[in-house]
Amino acid sequence: MSQKRVWLLLFVALLGLFIGFGAGGYLTANRVATAMEQIPASPIVLDTAYDKEQNQLALSMFNPGPIPLRLESYTVTFTPGSETKEAAYVISEIPVQLTLPPFEVVTVSVNLKEHTEELAVGDLVTISIFYTHPLSPDVYSIIHPYTQGASEAPASTPTPAQ
């Protein structure tokens, strides 16, 4: 075999490998993207802030999935801390009717019970949010606890060895 044919054969083989890897990668990426679109995502509560004047909690909710989710309703459960005089209560099935667009953050306002004192340090509010996914007739829920005045402990910095 001449040297030109060997180089040509080697070039064609390498070209075939590159084309095969490219086509395989493209098809695999499309299959993964299609499969990911079918997985129902769950909303994630990124942050919660208490508004004393309105007596409500503002939840920053993120939809990590590629399909919009529909928030249907929420339930509030209040458990008093040691510094409050307010009695425990539950408010059920308050309609929301809000759509969470894909890959976006939406602020959801959760009203607490009317004519109650503002939250005190140690009060626990548990919010159950019910939502639907367009590919399923089921109703899903997430539960988010919020404790008034709770803060994360600061990360300790290591001391250098002496």
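Note that the structure is predicted; figures quoted are calculated from it, not measured.

S.K.: Hey, could you run me through the overall build of the protein chain in this one?
M.R.: Across its full length, the protein chain carries one helix and seven strands. Its helices and strands taken in sequence order, the protein chain reads α-β-β-β-β-β-β-β from the N to the C terminus. Relative to all contacts within the protein chain whose residues are 6 or more apart in sequence, the contacts with residues 24 or more apart total 63%.

S.K.: Is there a simple way to explain the sheet that holds strand S6 (residues 124-132) in this structure?
M.R.: Sheet strands pair by backbone hydrogen bonding; their relative direction is either parallel or antiparallel. Across the sheet, which stays open at both edges, the four strands sit in the order S4-S3-S6-S7 with antiparallel pairing between neighbours. The open sheet is flanked by strand S4 (89-100) and strand S7 (139-147), the only strands paired with a single partner. With direction set aside, neighbouring strand axes in the sheet form an average angle of 20°.

S.K.: Is there a simple way to explain the nonpolar core in this structure?
M.R.: The nonpolar side chains of soluble globular proteins are, as a tendency, buried together. Core analysis: the biggest nonpolar cluster contains 24 residues, and Leu57 and Met61 have the highest contact counts within it. Counting residues per element, the ones that place at least two in this core are strand S1 (44-51), strand S2 (56-62), strand S3 (69-79), S4, strand S5 (105-111), S6 and S7. Sorting elements by how many residues they give to this core places S3 first, with five residues. Not counting the four nearest positions on each side in its chain, Leu57 is found in contact with Thr48, Ala49, Tyr50, Val108, Ser109, Val110, Leu112, Leu119, Val125, Ile127 and Tyr146.

S.K.: Can you walk me through the confidence of the model for the protein chain in this structure?
M.R.: Low pLDDT marks regions whose predicted coordinates should not be analysed in detail. When pLDDT is averaged across the protein chain, the result is 86; 90% of the residues are at 70 or more. Confidence over residues 152-162 falls short of pLDDT 50; this stretch has zero contacts with residues more than four positions distant or in other chains.

S.K.: Before we go on, may I ask you to explain a nonpolar patch on the surface in this structure?
M.R.: A contiguous nonpolar surface patch, about 720 Å² in accessible area, is contributed by Trp7, Leu10, Leu14, Leu17, Phe18 and Phe21. Structurally, Leu14 can be placed in helix H1 (residues 3-38). Judged by relative accessible area, which is 40%, Leu14 ranks as partly exposed.

S.K.: Got a minute to help me understand the side chain of Asn55 in this structure?
M.R.: You can see Asn55 is positioned in the loop between S1 and S2. Within polar-contact distance, the side chain of Asn55 engages the side chain of Tyr50 at 3.1 Å. Within polar-contact distance, the side chain of Asn55 engages the backbone oxygen of Lys113 at 3.0 Å. Setting aside residues no more than four positions away along its own chain, Asn55 makes contact with Tyr50, Asn111, Leu112, Lys113 and Thr116.

S.K.: How do you make sense of the packing of aromatic side chains when you look at a structure like this?
M.R.: The geometry of an aromatic ring pair is captured by the separation of the ring centres together with the interplanar angle, meaning the angle of the planes. Scanning the model with the defined rule gives two aromatic pairs in all. When the centroid spacing of 5.0 Å and the interplanar angle of 20° are considered together, the rings of Phe78 and Tyr89 count as stacked. You can see Phe78 sitting in strand S3 and its partner Tyr89 sitting in strand S4, a full eleven residues away along the chain. For Phe78, a relative accessible area of 3% translates into the label buried.

Criteria and cut-off values
Residues numbered from 1 in each chain as written. Predicted model: local features only at pLDDT ≥ 70, side-chain atom pairs only at ≥ 80, totals over all residues. Heavy atoms only, no water. Helix = DSSP H or I, 4+ residues; strand = E, 2+ residues; numbered from the N terminus. Contact = heavy atoms within 4.5 Å. Pairing = 2+ DSSP bridges. Axes fitted to C-alpha atoms, helices over the stretch in contact; angles between N-to-C directions. Core = buried A, V, L, I, M, F, W, Y, C linked by side-chain atoms within 4.5 Å. Buried < 20%, exposed > 50% of the residue type's maximum accessible area, 1.4 Å probe, protein only. pLDDT = per-residue confidence, 0-100. Patch = residues over 30% accessible without salt bridge, like charges linked within 9 Å, V, L, I, M, F, W, Y side chains within 5 Å. Areas by Shrake-Rupley, 256 points an atom, 1.4 Å probe, with all protein chains shown as cover. Salt bridge = Lys/Arg side-chain N within 4 Å of Asp/Glu carboxyl O. Polar contact = N/O pair within 3.5 Å; in protein donor to acceptor, adjacent residues only side chain to side chain. Phe/Tyr/Trp six-rings, centres within 6.5 Å; stacked < 30°, edge-to-face > 60°.

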